[in-house]
Amino acid sequence: MIQKRSIVFDRRVDIEWLDAAAAQIAAGAEVAEARAELFRLLDDQIAGGTKRGLSCHKTVGILSRAWITVAPEMVPLRDRAVRLLPSLEPPERVALHWSLLMA
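Residues numbered from 1 in each chain as written. Predicted model: local features only at pLDDT ≥ 70, side-chain atom pairs only at ≥ 80, totals over all residues. Heavy atoms only, no water.

Peer 1: What's the story with the overall build of the protein in this structure? I'm lost.
Peer 2: Per the secondary structure count, the protein includes 5 helices and 0 strands. Ordered by position from the N terminus, the helices and strands of the protein form the series α-α-α-α-α. Taken over 103 residues, the protein has a buried fraction of 35%. As presented, the protein carries roughly 6,800 Å² of accessible surface, and 56% of it is formed by carbon and sulfur atoms. (Helix = DSSP H or I, 4+ residues; strand = E, 2+ residues; numbered from the N terminus. Buried < 20%, exposed > 50% of the residue type's maximum accessible area, 1.4 Å probe, protein only. Areas by Shrake-Rupley, 256 points an atom, 1.4 Å probe, with all protein chains shown as cover.)

Written out as structure tokens, the structure is:
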């Protein structure tokens with residue numbers, strides 16, 4: 001049987017949050033440190049909760065899978081994206097983020 005892989009986003013993800021996740025990787029942050037920073041960033045921005053809220057956890061999960069805890073075969077793509085990001089304008093950054101989210 002062939003398994004289908006799906007991509008589901010059931011929440012808003014702001015470009016600033018994606019930029020913040022990418023910035024953590026660019027700065028060399030460890031996984032736990034990068035995720036903690038995302039929780040701090042989102043704590044007062046996501047309706048309905050605190051760091052422990054399910055909504056915040058799901059959003060950090062989306063951001064993490066795009067930039068922080070990528071599959072091993074995606075690391076070269078993510079690392080190249082990190083190098084490109086500072087030179088891109090906002091519309092181009094959206095395309096780059098979207099590419100990593102889809103990957």
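On we go.
Peer 1: When you look at the nonpolar core in this model, what are you seeing that I'm missing?
Peer 2: Across soluble globular proteins, nonpolar side chains have a tendency to be buried as a group. Counting 24 residues, the largest nonpolar core has Leu42, Leu63, Trp67 and Ile68 as its most contacted members. Elements that contribute at least two residues to this core include exactly helix H1 (15-26), helix H2 (31-42), helix H3 (54-67), helix H4 (75-84) and helix H5 (90-102). Per-element tally for this core: the top contributor is H3, with 6 residues. Apart from the residues within four sequence positions on either side, Ile68 is in contact with Ala21, Ile25, Val31, Ala34, Arg35, Leu38, Leu63 and Arg78. (Core = buried A, V, L, I, M, F, W, Y, C linked by side-chain atoms within 4.5 Å. Contact = heavy atoms within 4.5 Å.)

Peer 1: I'm lost on the packing of H1 against H3 in this one. Help?
Peer 2: Relative orientation and spacing of two packed helices are given, respectively, by the angle between their axes and the distance between those axes. Look at H1 against H3: their axes get within 9 Å of each other, and the N-to-C directions meet at 50°. Considering the angle they form, H1 stands oblique to H3. Considering the relative orientation of H1 and H3, their crossing is right-handed. For the pair formed by H1 and H3, the contact residues are Trp17, Leu18, Ala21, Ala22 and Ile25 on the first element and Thr59, Leu63 and Trp67 on the second. Looking at the contact of H1 with H3, its residues break down into 7 nonpolar, 1 polar and no charged. (Axes fitted to C-alpha atoms, helices over the stretch in contact; angles between N-to-C directions. Parallel < 35°, antiparallel > 145°, perpendicular 65-115°, else oblique. Left-handed = near helix turned anticlockwise from the far one by under 90°. Nonpolar A, V, L, I, M, F, W, Y, C, P; charged D, E, K, R; others polar.)

Peer 1: In this structure, what is going on with a nonpolar patch on the surface? I would like to understand it.
Peer 2: Taken together, the side chains of Phe9, Trp98 and Met102 present a nonpolar region at the surface, about 310 Å² in accessible area. On the secondary structure map, Phe9 appears in the segment before H1. We classify Phe9 as partly exposed; its relative accessible area is 34%. (Patch = residues over 30% accessible without salt bridge, like charges linked within 9 Å, V, L, I, M, F, W, Y side chains within 5 Å. Salt bridge = Lys/Arg side-chain N within 4 Å of Asp/Glu carboxyl O.)

Peer 1: I would appreciate a short explanation of the environment of Ile25 in the present structure.
Peer 2: You can see Ile25 is positioned in helix H1. Overall, the relative accessible area of 17% leaves Ile25 in the buried class. Through-space distance from the C-alpha of Ile25 to that of Val82 is 7.5 Å; in sequence the pair is 57 residues apart. Among all residues touching Ile25, those that are not within four sequence positions of it are Trp67, Ile68, Arg78 and Val82.

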